[in-house]
Amino acid sequence: MTKFKSDFLRTMHERGFIHQISDETGLDDLLAKESVTAYIGFDPTAPSLHAGGLIQIMMLHWFQATGHQPISLMGGGTGMVGDPSFKEEARQLMTIDKIEDNIASIKRCFANYLDYDKGPKGGAMMINNAEWLRGLNYLEFLRDVGRHFSVNRMLSFDSVKTRLDREQSLSFLEFNYMILQAYDFVELNQRYGCRLQMGGSDQWGNIINGIDLGHRMGTPQLYALTSPLLTTSSGAKMGKSVNGAVWLNADMLSAYDFWQYWRNTEDADVERFLKLYTTMSLDEVKRLASLGGSEINEAKKILATEITAILHGRTAAEEAAETARKTFEEGAVSANLPTVEIAASEFEAGIGLLGLIVKAGLAASNGEARRHVQGGAVKINDAGVSDERMSVGTAEVTADGVIKLSLGKKKHILIKPV
């Protein structure tokens, strides 16, 4: 089905968000006739979400923008178990205090995408499933909820089957995760009238479990919508860079580094990412996607600026773009480049080049740093260096009081002696 009546599903289809829908016609009819409540769950496994989760956040954004009520469900309860879906091993268990700290940190980015201040019906809601999961009576839960689940059916889900086929251990704790997630859907329906759960395609089995549990426990018809699991055109996982996760929180990744991640988008991904990660009109997306040759780089800069503007604000996004322009087009040193502070005493004594590269985060080990130097990829203050035994001292500190350390054409760090 491609001709949707509802604004939300039409938007999802046009922008490439849809992988599966449990009942296209039924959900489309419901969304077309009334304001609906839907949720996506986020487990607090770290103090920040990363760019791989942006597609889910954008789904909630468009859900609200088309007149419906989104719920960002924080997994304060399920986070104590950890989602085993397609994981090779169990997640490391976290304390309640760590989970609560992570949730408090994660919350900061959501207000950039969702409006929590609208009226009681139209405003987005942020809810913690610890409200109902942590206080469950185990025996009553087994009797009232657990009896509706078939172990045979649970074992057939790809998320579990893949793990078992590889002969990798799946703990009883993890096996309970899909029951808890299904129960979340029922609770959200009973408490808030939630009718739709959305998520990545790896969550399909868990969401369908929730629909089935709702049917058995007397809820109205519930629905599922999943998005495709994205990789770049070259097959790289979204949200990961060579330096690690592309975090959404500014205290874990600067606006400049976030901008740079999207500026480095592969040519073949520009149109797809403009549709998924920005709110630009489809006509403008089409125009930018049609650019060829060197002009595609201008489209990438717009992509990076628009995505960064939503998360970090327009001013920070434009500063990041200007920093990149000065760095790459003028070769200038900008104060907005990522900065690493190192004790001035180390430069007075002289610090080894390889160790400096590692401290700056441009290599994980001296061996990796040595390979970069031998490959001619390292520059200090825009001058190439080839001596891996070089000692960097006060003589390299510029009049601006910094040392510009570069790896290749796109990675630049300011070293500031303090």
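You'll find the structure just up there.
Keep in mind the model is a prediction, meaning the values are calculated, not measured.

Notes on the overall build of the protein
Of regular secondary structure, the protein possesses 19 helices and 15 strands. A compact globule built from 418 residues should have a C-alpha radius of gyration of about 22 Å, and the protein, at 24 Å, falls within 12% of that. Dimensions of the protein, computed from C-alpha atoms along their principal axes, come out at roughly 75 × 50 × 40 Å. A buried classification covers 48% of the 418 residues belonging to the protein. Taking contacts inside the protein between residues at least 6 apart in sequence as the whole, the part at least 24 apart equals 73%. Total accessible area on the protein stands at roughly 19,200 Å², and carbon and sulfur atoms take up 49% of it.

Quick look at the environment of Trp247
In this fold, Trp247 is placed in the loop between strand E8 (244-245) and helix H12 (255-263). In this structure, Trp247 is in contact with Ala46, Ser48, Leu49, His50, Met252, Leu253 and Phe258, ignoring residues within four places of it in sequence.

Points about the pattern of salt bridges
Considering all chains together, one arrives at 17 salt bridges under this definition. For Arg216, the salt bridge goes to Asp212, with nearest N and O atoms at 3.0 Å. Remark: Asp212 and Arg216 occur in helix H11 (residues 204-216); sequence separation between them is four residues, near one turn of the helix. Residue classification places Asp212 among the partly exposed positions, given a relative accessible area of 24%.

Topic: the side chain of Thr78
Summarising the element assignment, Thr78 is placed in the loop between strand E3 (69-74) and helix H4 (96-110). Taking the relative accessible area as the measure of exposure, Thr78 reaches 2% and is therefore buried. A polar atom in the side chain of Thr78 sits 2.9 Å from the side chain of Asp43. Within the local environment of Thr78, its side chain forms a polar contact with the side chain of Asn129, the two groups lying 3.0 Å apart. Thr78 has contacts with Asp43, Asn129, Leu133, Tyr177, Leu180 and Asp184, leaving out every residue within four places of it along the chain.

Focus on the side chain of His68
Position of His68 relative to the elements: it lies in the loop between helix H3 (54-65) and E3. His68 sits in the buried class, given a relative accessible area of 4%. At 3.0 Å, the side chain of His68 forms a polar contact with the backbone nitrogen of Val36.

A short note on the sheet that holds strand E6 (residues 223-227)
Within the open sheet, the six strands sit side by side as E1-E6-E5-E2-E3-E4. Their pairing is mixed. Of all strands in the sheet, those with a lone pairing partner are strand E1 (20-21) and strand E4 (125-128), marking the two edges. Relative to E6, E1 is paired through two bridges, and the arrangement is antiparallel. Looking at E6, one finds that Ile21 is bridged to Leu225. Against the sheet, helix H2 (residues 24-33) contacts E1, strand E5 (196-200) and E6, and its axis sits at roughly 100° relative to E6. Packed on one face of the sheet, H3 meets strand E2 (37-42), E3, E5 and E6 and runs near 165° to E2.

What about the pairing of strand E14 (residues 403-407)?
When you tally the buried positions in E14, you get five out of five residues, the bulk of the element. Across the two faces of E14 the burial is the same, with Ile403, Leu405 and Leu407 and Lys404 and Ser406 all buried. Bridge count between strand E11 (residues 378-380) and E14: three bridges; the pairing is antiparallel. Bridging across to E14, Val378 finds its partner in Leu407. The antiparallel hairpin formed by E14 and strand E15 (residues 411-417) contains three residues in its connecting segment, where Gly408 sits at a positive phi of about 65°.

Topic: the sheet that holds E11
Taken in spatial order, the five strands line up as E9-E15-E14-E11-E12 in an open sheet, and their pairing is mixed. Each end of this open sheet is capped by a strand with a single partner; those strands are strand E9 (339-342) and strand E12 (383-384). Here E11 runs beside E12; their pairing, made up of two bridges, is antiparallel. Looking at the pairing, Lys379 lines up with Gly384 of E12.

Conventions we followed
- Residues numbered from 1 in each chain as written.
- Predicted model: local features only at pLDDT ≥ 70, side-chain atom pairs only at ≥ 80, totals over all residues.
- Heavy atoms only, no water.
- Helix = DSSP H or I, 4+ residues; strand = E, 2+ residues; numbered from the N terminus.
- Rg over C-alpha atoms; globule rule 2.2 N^0.38 Å.
- Buried < 20%, exposed > 50% of the residue type's maximum accessible area, 1.4 Å probe, protein only.
- Contact = heavy atoms within 4.5 Å.
- Areas by Shrake-Rupley, 256 points an atom, 1.4 Å probe, with all protein chains shown as cover.
- Salt bridge = Lys/Arg side-chain N within 4 Å of Asp/Glu carboxyl O.
- Polar contact = N/O pair within 3.5 Å; in protein donor to acceptor, adjacent residues only side chain to side chain.
- Pairing = 2+ DSSP bridges.
- Axes fitted to C-alpha atoms, helices over the stretch in contact; angles between N-to-C directions.

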